[in-house]
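A closer look at the structure
Below are the chains, spelled out letter by letter.
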Amino acid sequence: MNIENTLAFAQQLDEKDELKDFRSRFYFPQHEGRDCIYLTGNSLGLQPRTVQAHVQQELNDWANMGVEGHFTAKHPWLSYHEQFPSILSKIVGCQPEEVVVMNQLTVNLHLLLVTFYRPTSSRFRIICEEKAFPSDQYALESQVKYHGFDPREAIIEIKPRDGEYTLRTEDITDAILRHKDELALVLFGGVNYYTGQYFDIKKITEVAHEAGVIAGFDLAHAAGNVELKLHDWEVDFACWCSYKYLNSGPGGVAGVYIHEKHAKNKDLPRFAGWWGYTKETRFKMEKGFQAIATAEGWQLSNAPVLSMAAHKASLDVFEEAGIEKLHAKRKLLTAFLHFVVNDINAKQDKKLINVITPANESERGCQVSMLMQSKGKEVFHALTKEGVVADWREPNVIRVAPVPLYNSFEDVWQFGSIIQSILN
Ligand SMILES: *Cc1c(COP(=O)(O)O)cnc(C)c1O
């Protein structure tokens, strides 16, 4: 296909888009009487229109049934969380028993580190990416200190080579092999929040295992965005939030994956609570924790049903759209965005926008991070004024993420045309 940076071409792609009607399933923030061009689904996904009814259902059942709602609600609260694995396992590529919805992302990261970061005096180091999301940095730093080690010694950050913005897989895997006898854990992002680089999870896991090390991933920017096959790649554990690409509302309930070889192991150390206790005998309320032999065995508390209702409403939309179709549209939409940005550059005397997100489709999701060579703030303010919701990261990066569920090719064209008009 010959891509063109024109409105007619964008409209033609929208016309052919099988998922185009899903846009109307979401609420769009308004700007001067029309929908914003919302390109920050990587930060907070839009609200599906079905969320209110799902939450209202639980409010009604609570009002009408009180405590009995645990058993008699339309979706009984006792087992509310059991609705998620069938859908989520398709999104992250695993078996239903390997996934559980609980707590929030950083909380879950800590809980997983309790199980999977088991340092010894000789093997206590952690390999991670430089400039990981701050919460992940703090989680690692505090876990290392909690075990009595010095973060400066224990945490090895992989940096891009001089003059580069993203990591080369071989630099990650070389570091793992070089430090293999000192490592307790490899913990990487799936997609880096700043550059949008999608790391080679399969390869990193493979090499970590070759080195005898556990491999875990924070998939905050990957879940609901890129193709994942956590089980087949033998990833040991992963966690993600639900409010970015998964559209489940601010601070929404989060997700965890634990490979079955670990999930089945009831003896793995963990911080336990009653909701992780074997269901058949949970309500005997006896002494001595007996873990459920699935990822559910890591649950602590009973399900936060109101937050889960929003999550369920949103995941139903994913299910209906179909995961494969979403990936196909994402690739085309992102390729179009790359084309539009390159076209803008080509029309300037000097390259204005340096796209630091990898050009290679297999190394990115739908986010594009644009390092502005000049006029960064000016362009960003003009975009905002025209009703484009993008995101600014100091010192001069504009991040945008057209998401396949609700963004159109016309959105992307509009975005480019606004930048173009600022420059003219
Ligand atoms: C968004 C994000 C977080 C946020 O953590 P919360 O516990 O949900 O507040 C953490 N880590 C990464 C990598 C993120 O992208």
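Above this note sits the structure.
So, here's what we can say about the structure. Nothing here was measured: the structure is a model prediction, and the numbers come from that model.

1. Focus on the pairing of strand S10 (residues 255-258)
- Burial of S10 is two-sided: the residues Gly 255 and Tyr 257 facing one way and the residues Val 256 and Ile 258 facing the other way are all buried.
- When strand S4 (residues 99-101) meets S10, the two strands line up antiparallel, connected through three bridges. Counterpart to Val 99 in the pairing with S10 is Tyr 257.
- Taken together, the four bridges between strand S9 (residues 237-240) and S10 define a ladder with antiparallel strand orientation. Counterpart to Trp 240 in the pairing with S10 is Gly 255.

2. A word on the sheet that holds S4
- With mixed pairing, the seven strands of this open sheet are ordered in space as S4-S10-S9-S8-S7-S5-S6. Each edge of the open sheet carries a strand with a single partner, namely S4 and strand S6 (155-158). Pairs of neighbouring strands in the sheet enclose a mean axial angle of 20°, with direction left out of account.
- On the sheet, helix H4 (residues 85-92) packs against S4 and S9 and is oriented at approximately 120° with respect to S4.

3. Overview of the environment of Arg 393
- If you trace the backbone, Arg 393 turns up in strand S14 (residues 391-393).
- Taking the C-alpha atoms as reference points, Arg 393 and Leu 371, separated by 22 residues in sequence, lie 9.5 Å from one another.
- Residues contacting Arg 393, with those up to four places away along its chain left out, are Tyr 193, Tyr 194 and Arg 399.
- Here Asp 391 takes part through its side chain, which lies 3.1 Å from a polar atom of the side chain of Arg 393.

4. A few points about the environment of Glu 210
- The topology assignment puts Glu 210 in helix H9 (residues 201-210).
- Beyond its immediate sequence surroundings of up to four residues, Glu 210 is in contact with Leu 177 and Lys 180.

5. Observations concerning the pattern of salt bridges
- All chains considered together, the criterion is met by 23 salt bridges.
- Ionic pairing is found between Lys 331 and Glu 227, a salt bridge with its closest N-O pair at 3.2 Å. Of the two residues, Lys 331 is situated in helix H12 (residues 323-346) and Glu 227 in the loop between strand S8 (214-218) and S9; the sequence distance between them amounts to 104 residues.
- Under the relative-accessibility criterion, Lys 331 is labelled partly exposed at 24%.
- The exposure class of Glu 227 is partly exposed, given its relative accessible area of 36%.

6. Considering the packing of aromatic side chains
- Applying the stated rule across the entire model yields 16 aromatic pairs.
- Plain terms: the ring middles of Phe 116 and Phe 237 are 4.8 Å apart, the flat faces sit at 10° to each other, and that makes the pair stacked. One end of the pair, Phe 116, is in helix H5 (residues 105-116); the other, Phe 237, is in strand S9, and 121 residues separate them in sequence.
- For Lys 244, the ring lying beneath its charged end belongs to Phe 133, and the centroid distance is 4.9 Å.
- It is Arg 270 that lies over the ring of Trp 298; its NZ or CZ is 3.8 Å from the centre.

The rules we used
Counting restarts for each chain: residues are numbered from 1 in the order of the written sequence. Whole-chain, interface and lining totals are the exception, using all residues; otherwise, since this is a predicted model, local features are given only for residues with pLDDT of at least 70 and side-chain atom pairs are given and counted only at 80 or more. To get the side-chain values, take all heavy atoms of the structure and skip hydrogens and water. Summary of the burial criterion: residues with accessible area below 20% of their type's maximum are buried, those above 50% are exposed, and those between are partly exposed, where the area comes from a 1.4 Å probe applied to protein chains only. Put simply, DSSP H or I for four residues or longer makes a helix, DSSP E for two residues or longer makes a strand, and each gets a number counted from the N terminus. Strand pairing is assigned whenever DSSP detects at least two bridges linking the two strands. To define axes, lines are fitted to C-alpha atoms, for helices over the stretch in contact only, and angles between the resulting N-to-C directions are given on a 0 to 180 degree scale. Contact definition: two residues touch when any of their heavy atoms are within 4.5 Å. Pairing of N or O atoms within 3.5 Å defines a polar contact, subject to two protein rules: one partner must be a possible hydrogen donor and the other a possible acceptor, and residues neighboring in sequence count only if both atoms are side-chain atoms. Any Lys or Arg side-chain nitrogen found within 4 Å of a carboxyl oxygen on Asp or Glu counts as a salt bridge. Centres within 6.5 Å make a pair out of two Phe, Tyr or Trp rings, where for Trp the six-membered ring is used; the pair is then stacked when the planes are under 30 degrees apart, edge-to-face when over 60, and tilted otherwise. Whether a charge sits over a ring comes down to the Lys NZ or Arg CZ being within 6 Å of the ring centre and within 35 degrees of the ring normal.

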